[in-house]
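Chain residues, written in single-letter form:
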Amino acid sequence: MRGTVLYETLRRSWKHALYWGLGIALLAFYPFLMMPNTPEGFQQYVEIAKGLPEGVLEMFGMSDIAAIGTPVGFIGYSFFGYILLILAVYSVIAGLNVSAVDEDNGSMDILLSLPLPRWQIIIEKIIAYSVIALVIALFAFAGFILGAMLVPDRIDLEWHKYLIGALAILPGTIFMMIITAFIGTLVRRRVTAAVLAGAFIFGSYVLNVIGGISNTNFAETMKGFSFFAYLNTTTALEQGVTIESALALAIISIIFAGGAVILFERRDVSV
Amino acid sequence: MSNTIIHTEALTKTYGVGTKKPFTALSNLNLNVVEGEIMGFLGPNGAGKTTTIRMLLDFIRPTSGHAQIFGKDVHEHSVDIHRRIGYLPAELNLWKNETSINIVRYFMRVRGGGDMAYVKQLAEQLEFDLNKRIRDYSTGNKRKIGLILALMHHPDLLILDEPTSGLDPLMQQVFNQLMLDFKAQGKTVFLSSHVLGEVQEICDRVAILRHGKLETVETVKNLTHVDFRWVTLTYNEPVRIADDLRAIRGVSDLKVTDNSVKFRITGDFHPLLEVATRQYVVNMTIQAPSLEEIFLAFYGENGNGKIAHNGKVIQSERELEAIS
Ligand SMILES: Nc1ncnc2c1ncn2[C@@H]1O[C@H](COP(=O)(O)OP(=O)(O)OP(=O)(O)O)[C@@H](O)[C@H]1O
Ligand SMILES: [Mg+2]
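Residues numbered from 1 in each chain as written. Chains lettered and ligands numbered in written order. Predicted model: local features only at pLDDT ≥ 70, side-chain atom pairs only at ≥ 80, totals over all residues. Heavy atoms only, no water.

**Q** Got a minute to help me understand the overall build of chain B in this structure?
**A** Of regular secondary structure, chain B possesses 12 helices and 16 strands. Within the structure as shown, chain B displays about 15,100 Å² of accessible surface, and the carbon and sulfur contribution to it stands at 49%. (Helix = DSSP H or I, 4+ residues; strand = E, 2+ residues; numbered from the N terminus. Areas by Shrake-Rupley, 256 points an atom, 1.4 Å probe, with all protein chains shown as cover.)

Structure follows, in structure tokens:
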């Protein structure tokens, strides 16, 4: 039956989804608590940032120091700067669950003995974990809104900007999950898949940081190869992500999801 | 003419194709399982039983040859076929944090409906608690949930990989009854085992596999009708005529202990009786070979057992002479 794997995956993971959502909501809420209430306060943060080496700034996505002195930039840096690295943990765990975990512990056999085409298992699980990623993003949105209610006098954004901002974490999260799922169908073993996916994600992050520090064309090109670059930390809260970059990431994700299905359909399932 | 439920043609599986050490686990298997029978698929460890079963279920793909179930190709029509199959893997691995009842419900949803009353009935028959988490079951109980999952949707064909391993004698009886009830509905069972004794009671036919090759397919009746017997003679004094007995056509494996002598005999008894009475006989017992012995004989002690066509097992040249 269509949708049963999707439903079952959601049924089994709603608790985890809740924990992740609450955690991310807290991280979205926290910067509002920390936000200075005077221009001088903001200036202090700018001064601190100026004192940091460029590499460190890039690691937190601070390519535009002046922006940290504005409320939107401040929240951007203290949330979007690192949130994808945290969500990478969710993405890798979810991506492994698509096929590698079941194949590794042997439950794939009994699952495949049911009247389920292999593609349905892969696709419905990918959809399920994308839905959960959406739920997590909505929790982040709730965190923003609660935070904004805390300091109404210091920041003035329409609510839908927060929504757009929260949704900006989705393309990266889903992309990382699908890449992991793809690697999982390729290598079959969960530990190997986790290590490879982790290396890919961390490698992309480093590429993005180096690309930001150095001003050579080569470095800029390298940055283009990193999926982290889709998220502009400074502007994410107000503007979300550009249609082009979201679309590009979506297309690459779909290609890899298709690749995962094809790989898994064709090969022997290990015991 | 009965319907063929499982049909394989030159089914072959080589693992590690393209690597330095390719290994052919199954070669050229031609097998037919017909509707309404329970067929045992026997062979020692590593014979290729699980390999065959996993190909039938389309988990792994044949290197050459093909297989059909219900007259349909197992790969092309796997979803249709799986609707009508109950499968028990050799090693049942389920999601450890889920309860049995949740897994039952999941499988029902996937199959688009189910018969909860029947599940409850099975659980009762097997004395099984559906409400525990998988991680909390003993090995035997895990077999039971496996059986429930295989039977719950009233399939037409059961494919069971070593269903009897790990069952205590009582559960073995319950299992046998389940299988016979299943067969009584005109349905088919294909089950593997490496212990013939565990399945001899329920199987109509057995296929014997060895080193990836099908050695024989035989009815259990014929297999048990092998014409050799174990004879034990007890005399009133130490055995003196051992050499005379050994010289009889068809006698082998002779062993003397004090006043008695035990040996195998193939063929007629008359030559034996003439010699046996040269000493005073206190007692004589004749034993049909156990299925284990037949099984062993098929493989041979050192893997050099020879097999005649009509189910007769021949181990020595002398036996061959005796029956030919
Ligand atoms: N994925 C694999 N790669 C390489 N060799 C394999 C693989 N799976 C099985 N084999 C080998 O193929 C042979 C047959 O294995 P199979 O599991 O089919 O035997 P079996 O008859 O089920 O044995 P058992 O009674 O122990 O379950 C064995 O020698 C095994 O080592
Ligand atoms: Mg096996």
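**Q** I would appreciate a short explanation of the site of ligand 1 in the present structure.
**A** Residues and elements named next belong to chain B. Every one of the 13 residues lining ligand 1 counts as a neighbour, but G46, G48, K49, T50 and T51 are closest to it. Interatomic distance of 3.4 Å between a side-chain N/O atom of Y15 and a nitrogen atom of ligand 1. G46 places a polar main-chain atom, nitrogen or oxygen, 2.8 Å from an oxygen atom of ligand 1. Calculation on ligand 1 without its partners gives an accessible area of 630 Å², and the protein chains cover 61% of this total. For the shell around ligand 1, the secondary structure elements donating two or more residues are β2 (23–34) and α1 (49–56). (Near = heavy atom within 4 Å. Polar contact = N/O pair within 3.5 Å; in protein donor to acceptor, adjacent residues only side chain to side chain.)

**Q** What am I meant to see in the sheet that holds strand β9 (residues 205–210) of chain B here?
**A** The pairing of strands in a sheet comes from backbone hydrogen bonds and takes either a parallel or an antiparallel form. Residue and element names in this part refer to chain B. Pairing within the open sheet is mixed, and its 6 strands lie in the order β6-β7-β8-β3-β9-β10. One side of each edge strand has no neighbouring strand; the edge strands of this open sheet are β6 (85–88) and β10 (213–219). Taken pair by pair, the neighbouring strands of this sheet meet at an average axis angle of 15°, ignoring direction. The pairing of strand β7 (residues 157–161) with strand β8 (residues 188–193) spans 5 bridges and is classified as parallel. In the strand pairing of β8, D161 is matched with S192. Here helix α6 (residues 169–184) sits on the sheet and contacts β3 (38–42), β7 and β8; the angle it forms with β7, its principal contact strand, is near 155°. (Pairing = 2+ DSSP bridges. Axes fitted to C-alpha atoms, helices over the stretch in contact; angles between N-to-C directions. Contact = heavy atoms within 4.5 Å.)

**Q** Can you help me understand the sheet that holds strand β11 (residues 228–235) of chain B in this one?
**A** Residue and element names in this part refer to chain B. Taken together, 4 strands build an open sheet; the order of strands is β12-β13-β11-β14 and the sheet is antiparallel. For this open sheet the edge positions go to β12 (251–257) and β14 (281–287), each flanked by a neighbour on one side alone. Each strand of the sheet is rotated relative to its neighbour by a mean of 15°, with strand direction disregarded.

**Q** Just to check I follow, could you spell out helix α5 (residues 83–98) of chain A for this structure?
**A** Every α-helix winds through 3.6 residues per turn, so residues three or four apart in the chain are directed the same way. All names here are of chain A. For α5, built from 16 residues, the straight-helix expectation of 22 Å at 1.5 Å per residue is met to within 8% by its first-to-last C-alpha distance of 23 Å. Listed in full, the buried residues belonging to α5 are I83, L84, L87, A88, Y90, S91, V92, A94, G95, L96 and V98. Each element contacted by the buried residues of α5 is listed here: α1 (4–34), α4 (71–80), α6 (100–105), α8 (118–150), α10 (170–187) and α11 (190–213). (Expected span 1.5 Å × (residues − 1). Buried < 20%, exposed > 50% of the residue type's maximum accessible area, 1.4 Å probe, protein only.)

**Q** Help me out: how do you make sense of the packing of α10(A) against α11(A) in this one?
**A** When two helices pack together, their arrangement is given by the angle between the helix axes and the distance between those axes. All names here are of chain A. Axis separation between α10 and α11 bottoms out at 9 Å; the angle between their running directions is 140°. Compared by their axis directions, α10 and α11 come out oblique. Here α10 and α11 pass one another in a crossing that is right-handed. Contact with α10, carried on its side by F175, M176, I179, T180, I183, G184 and V187, involves T192, A193, L196, A197, F200 and I201 of α11 and no other residues of that element. Residue classes in the contact of α10 with α11 are distributed as 10 nonpolar, 3 polar and no charged. (Parallel < 35°, antiparallel > 145°, perpendicular 65-115°, else oblique. Left-handed = near helix turned anticlockwise from the far one by under 90°. Nonpolar A, V, L, I, M, F, W, Y, C, P; charged D, E, K, R; others polar.)

**Q** Even after reading the chapter, I still don't get the packing of aromatic side chains, so can you show me in this structure?
**A** Aromatic ring pairs: the centre-centre distance and the angle between the two ring planes describe each pair. By the definition in use, this model includes 23 aromatic pairs over all chains. On the numbers, 5.8 Å between centres and 70° between planes, the contact of W20(A) with Y90(A) is edge-to-face. Here W20(A), found in helix α1, pairs with Y90(A), found in helix α5; they are 70 residues apart in sequence, far enough to count as distant. A connected cluster of aromatic rings, assembled from ring pairs, spans F175(A), F200(A), F202(A), Y205(A), F227(A) and F228(A). In this arrangement the basic side chain of R12(A) is found over the ring face of W95(B), its NZ or CZ atom lying 4.3 Å from the centre. In this structure, K262(B) is placed above the aromatic ring of W230(B), and the distance from its NZ or CZ to the ring centre is 5.2 Å. (Phe/Tyr/Trp six-rings, centres within 6.5 Å; stacked < 30°, edge-to-face > 60°. Lys NZ or Arg CZ within 6 Å of the ring centre and 35° of its normal.)

**Q** I tried to follow the nonpolar core on my own but got confused; where do I start?
**A** A general feature of soluble globular proteins is that nonpolar side chains tend to end up buried together. With 158 residues, the main nonpolar core has F144(A), I69(B), I159(B) and F190(B) as its most contacted residues. At 12 residues, the largest contribution of residues to this core is made by α8(A). Within the second largest apolar cluster, 16 residues are counted, among which are V231(B), Y235(B), L245(B) and L272(B). (Core = buried A, V, L, I, M, F, W, Y, C linked by side-chain atoms within 4.5 Å.)

**Q** Just checking my understanding: could you explain the domain arrangement of chain B for this structure?
**A** Its domain assignment divides chain B into domain 1 (4–223) and domain 2 (229–288). Computed from C-alpha atoms alone, the centre-to-centre distance between domain 1 of chain B and domain 2 of chain B is 45 Å. (Domains from an automatic or database assignment.)

**Q** What am I meant to see in unusual backbone geometry here?
**A** Excluding glycine, residues mostly carry a negative phi; peptide bonds, for their part, are mostly trans. One non-glycine residue, R188(A), lies in the positive phi region at around 70°. Here R188(A) lies in the loop between α10 and α11. Its identity is not glycine, yet A10(B) carries a phi of approximately 50°, on the positive side. With respect to the helices and strands, A10(B) occurs in strand β1 (residues 4–15). Given the relative accessible area of 28%, A10(B) is considered partly exposed.

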